[in-house]
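Observations on the model geometry
Here's the letter readout for the chains.
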Amino acid sequence: MRDDATDLGHLPGEDGPPIIGNTLRFLRDPAAEDRRFRAQYGRLFRNRTFGRRVVGVADAELAEQVMLDRGQVLSSRDGWGHLLGPLFPRGLMLRDFADHRRHRQIMQAAFTRQALQSYCADLDAQSRRGVGAWVAAGQVTFYPAIKSLLLEMAAVTFLGVPLGDEATRLNRWFIELFAAGAAALRAPVPGSTWWRGLRARRRLVAWFEAAIPERRGATGTDLFTLLCNVSSEDGDRFTDDEIVDHMIFLMVAAHDTTASALASLLWYLLQAPDWAARLAAEADALGADAIDEADLERLPLLDQALREALRLNPPVRYIVRRTVEACPMGEHALPARCPVAVIVPGVHEDEALWADPLRFDPDRFAPGQARAHKAAWIPFGGGAHTCIGMRFALLQARIFLYHLLRQATVESAGPLGQRWRQVPVPMPVDGLPLRLTPRSPS
Ligand code: HEM
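Residues numbered from 1 in each chain as written. Predicted model: local features only at pLDDT ≥ 70, side-chain atom pairs only at ≥ 80, totals over all residues.

When you go through the protein residue by residue, the secondary structure sums to 16 helices and 12 strands. A compact globule built from 442 residues should have a C-alpha radius of gyration of about 22 Å, and the protein, at 22 Å, falls within 12% of that. Considering only C-alpha atoms, the protein reaches an extent of 65 × 55 × 45 Å along its principal axes. Every one of the 442 residues in the protein was classed for burial, and the buried ones make up 44%. Taking contacts inside the protein between residues at least 6 apart in sequence as the whole, the part at least 24 apart equals 70%. (Helix = DSSP H or I, 4+ residues; strand = E, 2+ residues; numbered from the N terminus. Rg over C-alpha atoms; globule rule 2.2 N^0.38 Å. Buried ≥ 20, exposed ≤ 12 C-beta atoms within 10 Å, placed from the backbone. Contact = placed C-beta atoms within 7 Å.)

Here you go:
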């Protein structure tokens, strides 16, 4: 990949101190830093962090322009490549234009309504089991526990591997691979997080390569088996190497994001007991021990609350691209090879789009509420790279929350922590310790 453009001096913004730029300020508090830039420089600005100059976009109109990319001048591969490329090469988000369209068309077949329905029974059974174990223990540190539970669910739903030693081994490799994604030292020094991540990737590749032949032609309903057998409308299929790359990327795209969204919603509910009570009453009114996609229609408040948490604390804070050629952006001109980041919270906190934007208010998503702009709510992105797992994520999150709200009264174990780490995804610094008391549905 050729070097980034550096001639951005004509844009509003600042480079920060020599060499380090604004990296330290960003690492200390990305949310505050993004707000400072938006207040000081407006809806488009330049910044310099981690040795790179980046153009930040904090405005729905410009976010839509970036995500729709009508002129095909914004590369997702070049935008995300330096962050994700070495660990997750050739994942769907690391492909562009015609090549991306081809892969997305084939993969779409694993995300149809029918496919989603086939995942439901496993998601439901595993959520019930996981929540039941936490309630029996009476307490849980939510963030690490939900990450483990989601990985266990993924072993069954995505990989088609029953819980047991093999699933545990695979999950350990995935954890090592995810951890490398956030490693500060990106050199294969033996024993380092990065080195362990690359080793885990090699092990996962070998596992997938060995498993593909038996999955081709098989009839399982897990995502891996589907991906081995899906084809586009004109019969195009994935090669073995493509399946391996897509599966590894899907696991990373699915995992931390959903854990973060669930932690955010619980954290907001702990501060909004009226909403927690409304959601528990809604779950009781549904009153089934096992639920599927159709039942979720009867949980509209839960859907609203989840959307509001995704607005206030979006798991993917930045949507990153790089220009392939010079192009206009709003009233400005961007050079070729210019990194661009849509700052999702910048849109979600825009007072012109959302009244009292920092307040948790799920009624914003009540039926009949008009959206101020098509791109006012973009936790799943938009355009060609819109999250392919969006419906799966909303399905999984609501099934899990239904079981939690129905089985337990959830309280904070001690004073509610206020600190969140924002990168790679927002997560509560104290892990969100909870006390869970069994409840008998009213
Ligand atoms: C709450 C959970 C999730 C959130 C907030 C989320 C968010 C996003 C966002 C913002 C993008 C677009 C990035 C861009 O345009 O650069 C994206 C892409 C993607 N997501 Fe998700 N995601 C979630 C869950 C999932 C799940 C469960 C899966 C898989 C089952 C998944 C798979 C993907 C894939 C494969 C892409 C790349 C799509 C493409 O490039 O065409 N995501 N996600």
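Turning to the sheet that holds strand 2 (residues 52-57), a few remarks are in order. Taken in spatial order, the five strands of this open sheet run 1-2-8-5-3, and their pairing is mixed. With one partner strand each, in any of the chains shown, strand 1 (44-49) and strand 3 (74-75) form the two edges of the open sheet. Here three bridges tie strand 2 to strand 8 (residues 339-343), and the two strands are oriented parallel to one another. Within strand 8, the position partnered with Val 57 by the bridge is Val 342. Its contacts with the sheet put helix 4 (residues 76-84) on strand 3, strand 5 (318-323) and strand 8, and the angle it makes with strand 5 is roughly 115 degrees. (Pairing = 2+ DSSP bridges. Axes fitted to C-alpha atoms, helices over the stretch in contact; angles between N-to-C directions.)

Below, the discussion takes up unusual backbone geometry. Between Val 423 and Pro 424 the backbone carries a cis peptide bond, its omega angle lying at 5 degrees. By secondary structure assignment, the location of Pro 424 is in the loop between strand 10 (420-421) and strand 11 (427-428). Phi at Arg 337 is positive, roughly 60 degrees, even though this residue is not glycine. As for its placement among the helices and strands, Arg 337 is situated in the loop between strand 7 (332-334) and strand 8. Of the residues examined, Arg 337 has 18 C-beta atoms within 10 Å and is grouped as partly exposed. Even without being glycine, Asp 356 reaches a positive phi, approximately 45 degrees. Mapped onto the fold, Asp 356 is located in the loop between helix 15 (344-348) and helix 16 (390-407). Note on Asp 356: 8 C-beta atoms within 10 Å, which makes it exposed.

This part is about the environment of Arg 391. Of note, Arg 391 is situated in helix 16. On a C-alpha basis, the gap between Arg 391 and Gln 117 in space is 11 Å, while along the polypeptide they are 274 residues apart. In this structure, Arg 391 is in contact with Phe 111 and Leu 116, ignoring residues within four places of it in sequence.

Here we take up the sheet that holds strand 12 (residues 433-438). Taken in spatial order, the three strands of this open sheet run 4-12-9, and their pairing is antiparallel. With partners counted over all chains shown, the strands left at the sheet margins are strand 4 (139-141) and strand 9 (408-412), one partner each. Each strand of the sheet is rotated relative to its neighbour by a mean of 30 degrees, with strand direction disregarded.

Our next topic: helix 11 (residues 240-270). With 31 residues, helix 11 extends 46 Å from end C-alpha to end C-alpha; this agrees with the ideal 45 Å at 1.5 Å per step. Extensive coverage of helix 11 is indicated by the burial of 24 of its 31 residues. (Expected span 1.5 Å × (residues − 1).)

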